[in-house]
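# Reading the structure
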Amino acid sequence: MSKFYFDSSPTSSPSPPPSHRHNASGPDDEDEDDDNNPSTLPFPTPLSRSAFSNLEAPFSPAEFLASLRNRHQTLEDLRAELRARSKDLEKELVELVNRDYADFVGLGGSLQGGDGRVVDLRMGLLGFRREVAGVVGVVDGVRREVEGLRGRRGVVGEGKTLAKNLLTLSYRLDELSTLLLIHPSPTSPSASTSTSAAPTTAIPIPDFDPGESSTPGIPRLSRILLGYLFVTRTLLPKLPPQHPFVKTQIPRIEAVRKTLLLDLDSALKEARAGKDSEKALVLLGFYADLGAEGEGVRVLKEGGKVGK
């Protein structure tokens, strides 16, 4: 007897009760044998390929089994049917490969007339590679040249800065010598360059009348001290100590310091004699800036002894 299938959709109408089926079959013995024979029972419809054809979404066994909730079939029968379906797919795949294999193998031999074009493309690529190599060589040469020019520019800039600082040192020392009435000799290297290389920021020189007082006042001493500190704390650290010009200026710097200390000594003695404590404190601060606090204390002690 051929197989027949029953509808497994959820909208199928319920089957009649067993008693109705028995009554409908009649008392015929052959019909009773058919009902008791398992081979005459209805089979589930074959699994549709649409359940496995959606390649975009991953296959979920749980969702697949949940979709078969109205399918009256045991798990063993379902497993057997899936195995049979897998074997059928393997056979179809083998047949598909065997059918197109000969055409695929002969594809390489069917291509003709492209060797010359490949050779032309290869020659063009080789020529382009040589051109690129030439451009790279030119760029490297320009890069090395630019790096060399940048190095020379840095050296020139350093030399320019050094020359500017040396001229500033010479001019500052000339100003301090003028303020302290220290006149350099005509053969001094600073005397010939100070007039032509004077910077724009000069120390203002206040009017000083020797007839008014034997010692310079606080403003004049303050300006001299600031100029000296600028030379020793700002300019000299920027200059190489072994430079010949710097070596020739060291005696001038020492002379400025000695003369400034002498002027401070005179001013402090005068303030001590006039009992001007405020001026004395300012002058002691000048000594501290010069790092000569001991010299200031010594002058005060000597002034005290003379006063007694």
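Thresholds applied
- Residues numbered from 1 in each chain as written.
- Predicted model: local features only at pLDDT ≥ 70, side-chain atom pairs only at ≥ 80, totals over all residues.
- Heavy atoms only, no water.
- Helix = DSSP H or I, 4+ residues; strand = E, 2+ residues; numbered from the N terminus.
- Buried < 20%, exposed > 50% of the residue type's maximum accessible area, 1.4 Å probe, protein only.
- Contact = heavy atoms within 4.5 Å.
- UniProt positions renumbered as here; feature names shortened; annotations may be inferred.
- Patch = residues over 30% accessible without salt bridge, like charges linked within 9 Å, V, L, I, M, F, W, Y side chains within 5 Å.
- Areas by Shrake-Rupley, 256 points an atom, 1.4 Å probe, with all protein chains shown as cover.
- Salt bridge = Lys/Arg side-chain N within 4 Å of Asp/Glu carboxyl O.
- Core = buried A, V, L, I, M, F, W, Y, C linked by side-chain atoms within 4.5 Å.
- Expected span 1.5 Å × (residues − 1).
- Axes fitted to C-alpha atoms, helices over the stretch in contact; angles between N-to-C directions.
- Parallel < 35°, antiparallel > 145°, perpendicular 65-115°, else oblique.
- Left-handed = near helix turned anticlockwise from the far one by under 90°.
- Nonpolar A, V, L, I, M, F, W, Y, C, P; charged D, E, K, R; others polar.

A separate point is the overall build of the protein chain. Looking only at helices and strands, the protein chain features 11 helices and zero strands. Of the regular secondary structure in the protein chain, the N- to C-terminal order runs α-α-α-α-α-α-α-α-α-α-α. Taken across its 308 residues, the protein chain has 22% of its residues classed as buried. For the protein chain, long-range pairs separated by at least 24 residues make up 72% of all intrachain contacts whose partners lie at least 6 apart in sequence.

Here, the residues flagged by UniProt with the feature "coiled-coil region" (unreviewed entry) are residues 65–99. The annotated region residues 65–99 carries 77% helix and 0% strand content, and the separation between its end C-alpha atoms amounts to 35 Å.

Side chains of L93, L96, V97, Y101, F104 and V105 sit close together on the surface and give an oily, nonpolar patch of about 620 Å² of accessible area. The residue L93 is located in helix α4 (residues 75–105) in this model. Its relative accessible area of 52% is what places L93 among the exposed residues.

On to unusual backbone geometry, then. At L181, a residue that is not glycine, the phi angle is positive and equals roughly 60 degrees. Following the sequence through the fold, L181 ends up in the loop between α6 (115–179) and α7 (189–193). Residue K275 is not a glycine yet carries a positive backbone phi of 55 degrees. Within the secondary structure, K275 is located in the loop between α9 (244–273) and α10 (277–290).

Counting 31 residues, the largest nonpolar core has L260, L264 and L283 as its most contacted members. Looking at this core element by element, the count peaks at 10 residues for α9. Ignoring any residue separated from it by four or fewer positions in sequence, one finds L283 in contact with I218, L221, L264, A267, L268 and A271.

In an α-helix, one turn spans 3.6 residues, which is why side chains three or four residues apart end up on the same side. With 65 residues, α6 should reach 96 Å at 1.5 Å per residue; the first-to-last C-alpha distance of 95 Å fits that figure. Looking at the residues trailing α6, positive phi occurs at L181, about 60 degrees.

Applying the stated criterion to the full structure yields five salt bridges. The partner of R79 in a salt bridge is E76, with the nearest N and O atoms 3.0 Å apart. Of this pair, R79 and E76 both sit in helix α4, three residues apart, roughly one helical turn. Taking relative accessible area as the criterion, E76 reaches 54% and is therefore assigned exposed. The residue R172 makes a salt bridge to E175 at a minimum N-O spacing of 3.5 Å. Within this pair, R172 and its partner E175 are both found in helix α6, separated by three residues, close to a single helical turn.

Further remarks concern the packing of α6 against helix α8 (residues 218–235). Where α6 meets α8, the axes come as close as 10 Å, and the angle between the chain directions of the two elements is 155 degrees. With respect to their mutual orientation, α6 and α8 come out roughly antiparallel. α8 is crossed by α6, and the crossing has left-handed handedness. Judged by residue contacts, N165, T168, L169, R172, L173, L176, T178 and L179 of α6 engage R220, I224, G227, Y228, F230, V231 and L235 from α8. The residue makeup of the contact of α6 with α8, split by class, is nine nonpolar, four polar and two charged.

Turning our attention to α9. Helix length check: α9, at 30 residues, gives a terminal C-alpha distance of 45 Å against a target of 44 Å (1.5 Å per residue), a fit within 8%. Phi turns positive one or two residues past the end of α9, at K275, with a value near 55 degrees.

A few words now on the packing of α6 against α9. Remark: α6 packs on α9, axes separated minimally by 11 Å, with the N-to-C direction vectors making an angle of 25 degrees. Relative to α9, the element α6 lies roughly parallel. Regarding α6 and α9, the two cross each other, and that crossing is left-handed. Residue-level contacts link L166, L169, S170, L173, D174, L176 and S177 of α6 to F245, V246, Q249, R252, I253 and V256 of α9. Residues that form the contact of α6 with α9 fall into these classes: eight nonpolar, three polar and two charged.

A few words on the environment of A271. Within the secondary structure layout, A271 lies in helix α9. Taking the C-alpha atoms as reference points, A271 and L283, 12 residues apart in sequence, are found 9.0 Å from one another. The contact partners of A271, leaving out residues within four places of it in the chain, are D276, K279, A280 and L283.

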